[in-house]
Each structure stands twice: as C-alpha cells, then as structure tokens.
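# A look at the structure
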Amino acid sequence: MTMNHRYDFVYLFDVKDGNPNGDPDAGNLPRIDAETSHGLVTDVCLKRKIRNYVQLRHLEQQTHDVGVTGAGYDIYVREKAILNQQHDRAHAALGITQDGKDGKRKGSGEQVDAARRWMCRNFYDVRAFGAVMTTGTNCGQVRGPIQFTFGRSSDPVIAAEHSITRMAVTTEEEAKKQDGDNRTMGRKFTIPYGLYRTHGFVSAPLAQQTGFSEEDLELLWQSLENMFEHDRSASRGEMVARALLIFRHDSALGDAPAHTLFERVGVRLLQPGKPARAFTDYEITFDGKPLESVLAPGGTMEQVAKGVALIRRV
C-alpha cells in the first residue's frame, strides 16, 4: 500500500550498566558530548539494529539469489557484506552486460535506473534509508524516506571503567612469561544509566519514489519496538525501548512543523540533583501532563494539531 502520510516520531530508549554505542576512535568509550557530558548514540547504530531485526523477521535462505522468505526484504548493508557484489546481482538479474573498463558494469542511464529500481524492490534498507550504489557496478543513488537524529541522553552520563580478567592466555609465549599463571587483563566501559531520545522522520514523497509502503512502515515500527530484545550483549547491558510516539499527518507533505510537535513531548527527572538509575526516575509528559494519563500504549489521539494525530506504540 502506497504511503500518503508524513510521519514524525519520538523514540525513547534506555541503557543500564552497558555501553550503547562505543566510539572506536576513543578505545570504545561510550560516545559523550564533550561540552555537556550527555550520552550520544549515532543514527547508524540504530539503523544497524533495525537491519538486523528485519533479517531475523525474514530469515535469509542459504543462496546467492535475492533469497529471503518474503521477496523484497533482503538487506543491502549486511555485516561483512561486499557491496559491489550486491550491485552485480542487480545487473545480472536484469541481463545488463559488462561494457565498462575492467569488466565493470556501468550501463546506460536507462539501465542504471532499472538497476536502482531493482535494488529498491529487493532490499528493504535501500528503499527505507537510501544508498549510494555507484561504486564498481553502477546502480545509481537512492535518497531514503527515513531519517534519524542522533540519540541524546536526557541528562549527563558518566562512563565507568572496569578491569576484567580472563583466566586464560592466547599463546604459549604468553603462558611462559607468566610462569603458567595464565591471566589476561582487559578493560570494559559502561554507563550506569541513561535515558536516550532520538527523533525520526518519514517522508511520503520519498517513500513513493523508492516504493517504501505502509507494510514496510509497520515493519519499521515493529523493529523499533523489539530490536533490543534480539541484540543482547553483556557489553551493551540492558537496553529497552521505553516510548515510541508517532505523529501522523493527514497530508503527504505534512500539516505542522516537526519541531513544534516534538517540543510537546517532555522528559522530566522526578528528583532533580539525584543521579537517575532507572526509568522510574523519570516521567514522560505530553503538553506538560503525564503521558500515562493522556494516552495509553496502543492508543491514538486525534487532532493534537490541525491535521495531525498522535499514535503511541510503546
């Protein structure tokens, strides 16, 4: 079903005793705003979890064909994927011959457009997030309808550093150096607690260009609701989806500025000055009122602004 509505959404998730998104340029320390000490989670991190959940929902067959249960739900940016091989699949499926230097399939403008449409049809993340597919075999570029901001914690967070011990070593040389004691020391970084907020946007005109449908959108909502349940790791601690509030516009172009809608959703620390250590230390509000008293999970509030409804999924 074609999308005819614009959507803007607020997504709240938390982490307890874990590292939600380590920075490889800083020894895998949790990402933190250097000026305010608020925790950060990148949009790329969130998209990775969505991709992984979609793969779980549509288990891939062990084949090099499009090969997923439910055509159109393959993943382009898989872990350890070789992207140019994904492009080759499109040209091979369309019968586009190798006509470029070094055997690369470049194709005419019409052929590239056909390859781009093939990629959108077959890869969920291409038609959702977009992709630049011009390296090697040319499949064009796609601007996706879904965009995320960075997640940012509601309050400053502190990264705790922990020493950890493994009762084994990797090589015989290490064992000899330790006279058989065989211990390996390491470091682990966690945040005691952080409640993160990210904003998202779904463009109906761009969705119509990529073929992103209402069914695809429902899969996005399900991913945001459930993706942490299938991404457990000792290093990430306990991560939980706490709220998914969706503003649905009557029109494709939208009926209210996104920022004015987002500003109506508040996060309040119940005991200011006391470090938060659980979700119950906060209260989520809408127009200054506790969210629980305004809208229950699964409910819809019509006309929160002219032409805009509020849907609560979590």
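Look up: the structure comes first, before these words.
These remarks concern the structure in this document.

Turning our attention to the overall build of the chain. Per the secondary structure count, the chain includes 9 helices and 16 strands. By principal-axis analysis of the C-alpha atoms, the chain measures approximately 70 × 60 × 35 Å. Split into buried and exposed, the 314 residues of the chain put 46% on the buried side. Within the chain, residue pairs in contact and separated by at least 24 positions form 68% of the contacts whose partners lie at least 6 positions apart.

This part is about the packing of helix α2 (residues 83–94) against helix α3 (residues 109–122). Running from N to C, α2 and α3 point in directions that differ by 115°, and their axes come no closer than 9 Å. When the axes of α2 and α3 are compared, the pair comes out roughly perpendicular. Of the two possible hands of crossing, α2 and α3 adopt the one that is right-handed. Contact with α2, carried on its side by Q86, H87, R89, A90, H91, A93 and L94, involves A114, A115, W118 and M119 of α3 and no other residues of that element.

In this section: the nonpolar core. Membership of the largest hydrophobic core comes to 39 residues, with the highest contact counts inside it found for L220, W221 and L224. Discounting residues that sit within four places of it in the chain, L220 has contacts with I50, Y124, I146, F148 and V202. L195, A256, L269 and I284 belong to the second-largest nonpolar core, a separate cluster that totals 24 residues.

Let us now look at the pattern of salt bridges. A full pass over the atoms with the stated rule returns 21 salt bridges. Here D14 and R242 are joined by a salt bridge, their closest N and O atoms 2.9 Å apart. Taken as a pair, D14 in strand β1 (residues 7–18) and R242 in strand β11 (residues 238–249) lie far apart in primary sequence, 228 residues in all. Here R183 ties to D181 by a salt bridge, and the two come within 3.3 Å at their closest N and O atoms. Here R183 falls in the partly exposed class, since its relative accessible area comes to 38%. Members of the salt-bridge network, linked through shared partners, are K49, D231 and R236.

At their nearest, the axes of helix α1 (residues 43–57) and helix α7 (residues 214–226) sit 9 Å apart, and the two run at 105° to each other. In terms of their interaxial angle, α1 and α7 are classed as roughly perpendicular. Contact residues: α1 offers I50, Y53, V54 and R57, while α7 offers L219, L220, Q222, S223, L224 and N226. Class assignment of the residues belonging to the contact of α1 with α7 gives a composition of 6 nonpolar, 3 polar and 1 charged.

The antiparallel open sheet is built from 3 strands, whose spatial order is β12-β13-β14. Edge positions in the open sheet fall to β12 (265–269) and β14 (289–290), since each of these has one partner strand only. Relative to β14, strand β13 (residues 282–286) runs antiparallel, the two being bridged by 2 bridges. Each residue of the ladder has a partner; that of T285, found in β14, is P290.

With that settled, the discussion passes to the pairing of strand β15 (residues 300–305). Pairing of β15 with strand β16 (residues 308–312) involves 3 bridges; the strand directions are antiparallel. Looking at the pairing, T300 lines up with I311 of β16.

Under the 1.5 Å per step criterion, the end-to-end length of α1 is 21 Å for 15 residues, consistent within 8% with the ideal 21 Å. The complete set of buried residues in α1 reads D43, C45, L46, K47, R48, K49, I50, R51, Y53, V54 and Q55. Those residues of α1 hidden inside the fold are in contact with β1, β4 (38–41), α4 (124–129), β7 (146–148), β10 (184–202) and α7.

For any pair of aromatic rings, geometry is given as the distance between the ring centres together with the angle between the planes. One pass over the full model with this rule turns up 14 aromatic pairs. Ring geometry for F9 versus W221: centroids 5.2 Å apart, planes at 85°, classification edge-to-face. On the criterion of sequence distance, the pair formed by F9 in strand β1 and W221 in helix α7 is long-range, its members being 212 residues apart. There is no split in this pair, since F9 and W221 are both buried. Pairwise contacts between aromatic rings join Y7, F9, F148 and W221 into one cluster. Its guanidinium or amino end placed over the ring of Y73, R127 lies 5.3 Å from that ring's centre, counting from NZ or CZ.

Looking now at the side chain of H249. Mapped onto the secondary structure, H249 falls in strand β11. For H249, a relative accessible area of 0% gives the class buried. Polar contacts involving the side chain of H249 include one to the side chain of D8, which spans 2.7 Å. What H249 contacts, discounting residues up to four positions off in sequence, is H5, R6, Y7, D8, G254, D255, A256, L261, G307 and V308.

How each quantity is defined
- Residues numbered from 1 in each chain as written.
- Predicted model: local features only at pLDDT ≥ 70, side-chain atom pairs only at ≥ 80, totals over all residues.
- Heavy atoms only, no water.
- Helix = DSSP H or I, 4+ residues; strand = E, 2+ residues; numbered from the N terminus.
- Buried < 20%, exposed > 50% of the residue type's maximum accessible area, 1.4 Å probe, protein only.
- Contact = heavy atoms within 4.5 Å.
- Axes fitted to C-alpha atoms, helices over the stretch in contact; angles between N-to-C directions.
- Parallel < 35°, antiparallel > 145°, perpendicular 65-115°, else oblique.
- Left-handed = near helix turned anticlockwise from the far one by under 90°.
- Core = buried A, V, L, I, M, F, W, Y, C linked by side-chain atoms within 4.5 Å.
- Salt bridge = Lys/Arg side-chain N within 4 Å of Asp/Glu carboxyl O.
- Nonpolar A, V, L, I, M, F, W, Y, C, P; charged D, E, K, R; others polar.
- Pairing = 2+ DSSP bridges.
- Expected span 1.5 Å × (residues − 1).
- Phe/Tyr/Trp six-rings, centres within 6.5 Å; stacked < 30°, edge-to-face > 60°.
- Lys NZ or Arg CZ within 6 Å of the ring centre and 35° of its normal.
- Polar contact = N/O pair within 3.5 Å; in protein donor to acceptor, adjacent residues only side chain to side chain.

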